Amino acid sequence: MKVLVLAERPGAAEELSAGARAMGADEVALVAFGDMEMPPSCADLIYRVTVPEGLSLDNATATVNAIFDHVRPDVVLVEPTRHMRILAGALAFHGGTSAIADVMELDGDVASSMYYGGAAILKRKPGKTAIYLMQPGAFGDSVAASGANQEEPFAWVDPGATVKVLSSEPIEKSGVDLQKADVVVAAGRGFGLESDLDMARALCDKLEAGLGCTRPLAEDMKWLPRETYIGVSGLMLAPKVYVAAGLSGQMQHMVGCDRAGTIFAINKDADAAVFDQCDYGIVGDIQTVLPLLVNEL
Ligand SMILES: Cc1cc2nc3c(=O)[nH]c(=O)nc-3n(C[C@H](O)[C@H](O)[C@H](O)COP(=O)(O)OP(=O)(O)OC[C@H]3O[C@@H](n4cnc5c(N)ncnc54)[C@H](O)[C@@H]3O)c2cc1C
């Protein structure tokens, strides 16, 4: 079986290539954009694509379609970033098939995804060629990525109509990249004041963790950036350690962290749902527990 991997981040490329091996792939080809550095022994073949100056990555549709025609994969695994979603959609059209999004699990070729905000599981089978947009951590880590990383440049194919980048401004990112963090501290509505988040930040400093949150803290209170909330409509993470502090453990949040290695929960309500889903729980007020933890660490 041949698998083609489309990813923007080296970590995701490695995870999807390992997933391809776990699916039984005997050939894994990967598309690398720009000067993206690939982890060693990641895939058999790497097709390097240079996006012309001033063009957006979204314009790589025709190039990715050409790589697809060249490789003729049985399965395409895609990191679900905004750019990759566009490329996957165009590729599905080109290949006369469909792209299956939000895949949490693959059982053979049947893809499971969350439905109705997590109230149901949707199971879908692919069309002619399988194109799956995989959630992070969907493959677990049972198999390692492998391959000689044999690299070949692939010529840019003009997509016709182009999306031009007129200007760009870096977003000021504060703190740790949550997708890459080994440890994540997530704050919920138990943090009554914005200034209470300093307690979570102090814990993050001790644990070298990234600070995330539940949706209300980002969407309603706007205390933390929108891109830091975790859950079905936010980030799906699989860190080694997840500290859920002052959050109730609603399913819409927990699906974003239930692949964490170890989950710790702190909540003053002993009946909070989060205690059914954590490995270790502390029943207590964050106002007391967090400073104590920070002092002890
Ligand atoms: C379609 C849909 C999609 C959604 N997607 C997401 C999503 O992606 N991510 C997400 O997070 N939510 C999402 N939600 C919202 C989700 O359903 C919950 O409402 C939300 O996760 C609850 O956030 P919370 O746990 O911070 O708040 P609450 O549910 O209000 O929980 C606060 C918790 O803090 C505890 N607490 C209070 N004070 C203290 C204290 N001093 N010390 C310790 N504990 C304390 C309380 O006991 C309580 O358990 C979605 C909802 C819908 C309908």
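Residues numbered from 1 in each chain as written. Predicted model: local features only at pLDDT ≥ 70, side-chain atom pairs only at ≥ 80, totals over all residues. Heavy atoms only, no water.

- As recorded in an unreviewed UniProt entry, the protein chain goes by Electron transfer flavoprotein subunit alpha/FixB family protein and comes from Adlercreutzia rubneri.
- Turning to the protein chain, the UniProt annotation filed under Sequence similarities (unreviewed entry) states: "Belongs to the ETF alpha-subunit/FixB family." (UniProt positions renumbered as here; feature names shortened; annotations may be inferred.)

**A word on the site of the ligand**
Next, step 1: The local shell around the ligand holds 24 residues, among which R189, T214, S233, S248 and N267 are the closest.
Next, step 2: Between the ligand and H253 there is a distance of 3.0 Å, counted from an oxygen atom to a side-chain nitrogen or oxygen.
Next, step 3: In this structure, I286 approaches the ligand through a main-chain N or O atom, which is 2.9 Å from a nitrogen atom.
Next, step 4: For the ligand, whose unbound accessible area comes to 990 Å², protein coverage reaches 76%.
Next, step 5: Of the residues belonging to the shell around the ligand, the class tally is six nonpolar, 13 polar and five charged. (Near = heavy atom within 4 Å. Polar contact = N/O pair within 3.5 Å; in protein donor to acceptor, adjacent residues only side chain to side chain. Areas by Shrake-Rupley, 256 points an atom, 1.4 Å probe, with all protein chains shown as cover. Nonpolar A, V, L, I, M, F, W, Y, C, P; charged D, E, K, R; others polar.)

**Describing the UniProt feature "domain: Electron transfer flavoprotein alpha subunit C-terminal" (unreviewed entry) in the protein chain**
Next, step 1: With numbering matched to this structure, UniProt assigns "domain: Electron transfer flavoprotein alpha subunit C-terminal" (unreviewed entry) to residues 177-257.
Next, step 2: Taken end to end, residues 177-257 has its terminal C-alpha atoms 15 Å apart, with 26% of it in helix and 17% in strand. (Helix = DSSP H or I, 4+ residues; strand = E, 2+ residues; numbered from the N terminus.)

**Observations regarding the layout of surface pockets**
Next, step 1: Taken as a whole, the second largest pocket encloses approximately 760 Å³ of empty space.
Next, step 2: For the lining of the second largest pocket, the residue count by class is 16 nonpolar, seven polar and eight charged. (1 Å grid on protein atoms, 1.4 Å probe; cavity = no way out; pocket = protein on both sides within 12 Å on 5 of 7 lines; lining within 4 Å. Points joined across faces, edges and corners; volume = space filled by probe spheres on them.)

**Topic: the packing of helix α4 (residues 197-207) against helix α7 (residues 286-296)**
Next, step 1: Packing of α4 against α7 leaves a shortest axis separation of 9 Å and a crossing angle of 25°. Accordingly, the angle class assigned to the pair α4 and α7 is roughly parallel. As for how α4 packs across α7, the hand of that crossing is left-handed. Along the contact surface, α4 presents M199, A200, A202, L203 and K206, while α7 presents I286, Q287, L290, P291, L293 and V294.
Next, step 2: Split into classes, the residues belonging to the contact of α4 with α7 amount to nine nonpolar, one polar and one charged. (Axes fitted to C-alpha atoms, helices over the stretch in contact; angles between N-to-C directions. Parallel < 35°, antiparallel > 145°, perpendicular 65-115°, else oblique. Left-handed = near helix turned anticlockwise from the far one by under 90°. Contact = heavy atoms within 4.5 Å.)

**Let's talk about the sheet that holds strand β13 (residues 262-267)**
Next, step 1: Strand order in this open sheet of five strands is β11-β10-β12-β13-β14, and the pairing throughout is parallel. The sheet is open, and its two edges are formed by β11 (210-213) and β14 (280-283), each paired on a single side. Taken over all neighbouring pairs, the strand axes of this sheet differ in orientation by 20° on average, direction set aside.
Next, step 2: Sheet topology places strand β10 (residues 183-187) next to strand β12 (residues 241-245); five bridges connect them, and they run parallel. Residue pairing in the sheet places A186 in a bridge with A244 of β12.
Next, step 3: Most of the contacts of α4 go to β10, to which it runs at about 175°, and overall it touches β10, β11 and β12.
Next, step 4: This element, α7, spans β12, β13 and β14 of the sheet and lies at about 135° to β13. (Pairing = 2+ DSSP bridges.)

**A word on the pattern of salt bridges**
Next, step 1: What the rule picks out here adds up to nine salt bridges.
Next, step 2: Between E79 and R9 there is a salt bridge, with the nearest N and O atoms lying 2.7 Å from each other. Linking E79 in the loop between β4 (75-78) and α3 (82-95) with R9 in the loop between β1 (2-6) and α1 (10-22), this pair joins segments that are 70 residues apart in sequence.
Next, step 3: Judged by relative accessible area, which is 5%, E79 ranks as buried.
Next, step 4: The class of R9 is partly exposed, set by a relative accessible area of 25%.
Next, step 5: Of the charged contacts, one joins D44 and R21 as a salt bridge, the two residues approaching to 2.8 Å between their closest N and O atoms. Taken together, the residues span a long stretch of sequence, with D44 in the loop between β2 (27-33) and β3 (45-49) and R21 in helix α1 at a distance of 23 residues.
Next, step 6: Take D44: its relative accessible area is 23%, and that puts it in the partly exposed class. (Salt bridge = Lys/Arg side-chain N within 4 Å of Asp/Glu carboxyl O. Buried < 20%, exposed > 50% of the residue type's maximum accessible area, 1.4 Å probe, protein only.)

**Quick word on the sheet that holds strand β5 (residues 99-107)**
Next, step 1: Strand order in this open sheet of nine strands is β7-β6-β5-β8-β4-β1-β2-β3-β9, and the pairing throughout is mixed. Of all the strands in the sheet, the pair left with one neighbour each is β7 (120-124) and β9 (150-153). When the angles between neighbouring strand axes are averaged without regard to direction, this sheet yields 35°.
Next, step 2: Pairing of β2 with β3 involves five bridges; the strand directions are parallel. Among the inter-strand pairings, A32 is bridged to a residue of β3, identified as R48.
Next, step 3: Across the sheet, α1 touches β1, β2, β4 and β8 (130-134), and the angle it forms with β2 is around 165°.

**With respect to α1**
Next, step 1: Taking 1.5 Å per residue, 13 residues should reach 18 Å; α1 reaches 18 Å between its end C-alpha atoms and fits that length.
Next, step 2: One or two residues past the end of α1 sits G24, with phi positive at roughly 100°. (Expected span 1.5 Å × (residues − 1).)

**Focus on the domain arrangement of the protein chain**
Next, step 1: Segmentation of the protein chain into domains returns domain 1 (2-153) and domain 2 (183-296).
Next, step 2: Computed from C-alpha coordinates alone, the two centres of domain 1 and domain 2 are separated by 31 Å.
Next, step 3: With nine residues of domain 1 at the interface, the matching set in domain 2 holds seven residues.
Next, step 4: The interface formed by domain 1 and domain 2 includes zero salt bridges.
Next, step 5: Along the contact surface separating domain 1 from domain 2 lie one residue pair in polar contact (both at pLDDT 80 or more).
Next, step 6: Grouping the constituent residues of the side of domain 1 that touches domain 2 by class yields five nonpolar, four polar and no charged. (Domains from an automatic or database assignment.)

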